[in-house]
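Residue-level structure breakdown
Residues per chain, in single letters:
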Amino acid sequence: IDFLAPMSLGDIVRVSASLVQVFSSSMEIGVEVRAEHPLTGEQTLTCSACFTMVALGPKGEPVAAPRLRLDSDSEKLAAGAAEERRRLRLARRR
């Protein structure tokens, strides 16, 4: 999690998430949290994070996740960055 800016009491909190990349059973979700000033509507990115989730079957075992369709260049770039994060994460486990 990257904490980038504070929120103020009374701010509206906006959370958005998107699927970044899908692997065999795991997937990376990107999350952004923004603070919105209630009078001006000005938004500030306050934190961002990448989460790894695993698709589970009825008995709690990992199962194949549906493939992700990447259309835009920005989606492909984000997916490539997710693949690199995954590679580094798996290398740290060894």
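Note that the structure is predicted; figures quoted are calculated from it, not measured.

Attention now goes to the nonpolar core. Counting 8 residues, the largest nonpolar core consists of Val-22, Met-27, Ile-29, Val-31, Val-33, Cys-47, Ala-55 and Ala-65. Sorting elements by how many residues they give to this core places strand S3 (residues 26–36) first, with 4 residues. Apart from residues lying up to four places away in sequence, Val-31 is in contact with Val-15, Ser-16, Ala-17, Cys-47, Ser-48, Ala-49 and Phe-51.

Turning our eyes to something else, we now look at the side chain of Gln-21. Relative to the helices and strands, Gln-21 is located in strand S2 (residues 12–22). With a relative accessible area of 6%, Gln-21 lands in the buried category. Polar contacts involving the side chain of Gln-21 include one to the side chain of Glu-83, which spans 2.7 Å. Those residues in contact with Gln-21 that lie beyond four places of it in its chain are Met-27, Glu-28, Leu-68, Leu-70, Ala-79, Ala-82 and Glu-83.

The rules behind the values
Residues numbered from 1 in each chain as written. Predicted model: local features only at pLDDT ≥ 70, side-chain atom pairs only at ≥ 80, totals over all residues. Heavy atoms only, no water. Core = buried A, V, L, I, M, F, W, Y, C linked by side-chain atoms within 4.5 Å. Buried < 20%, exposed > 50% of the residue type's maximum accessible area, 1.4 Å probe, protein only. Helix = DSSP H or I, 4+ residues; strand = E, 2+ residues; numbered from the N terminus. Contact = heavy atoms within 4.5 Å. Polar contact = N/O pair within 3.5 Å; in protein donor to acceptor, adjacent residues only side chain to side chain.

Such coordinate-based values are descriptive only and should not be taken to indicate function.
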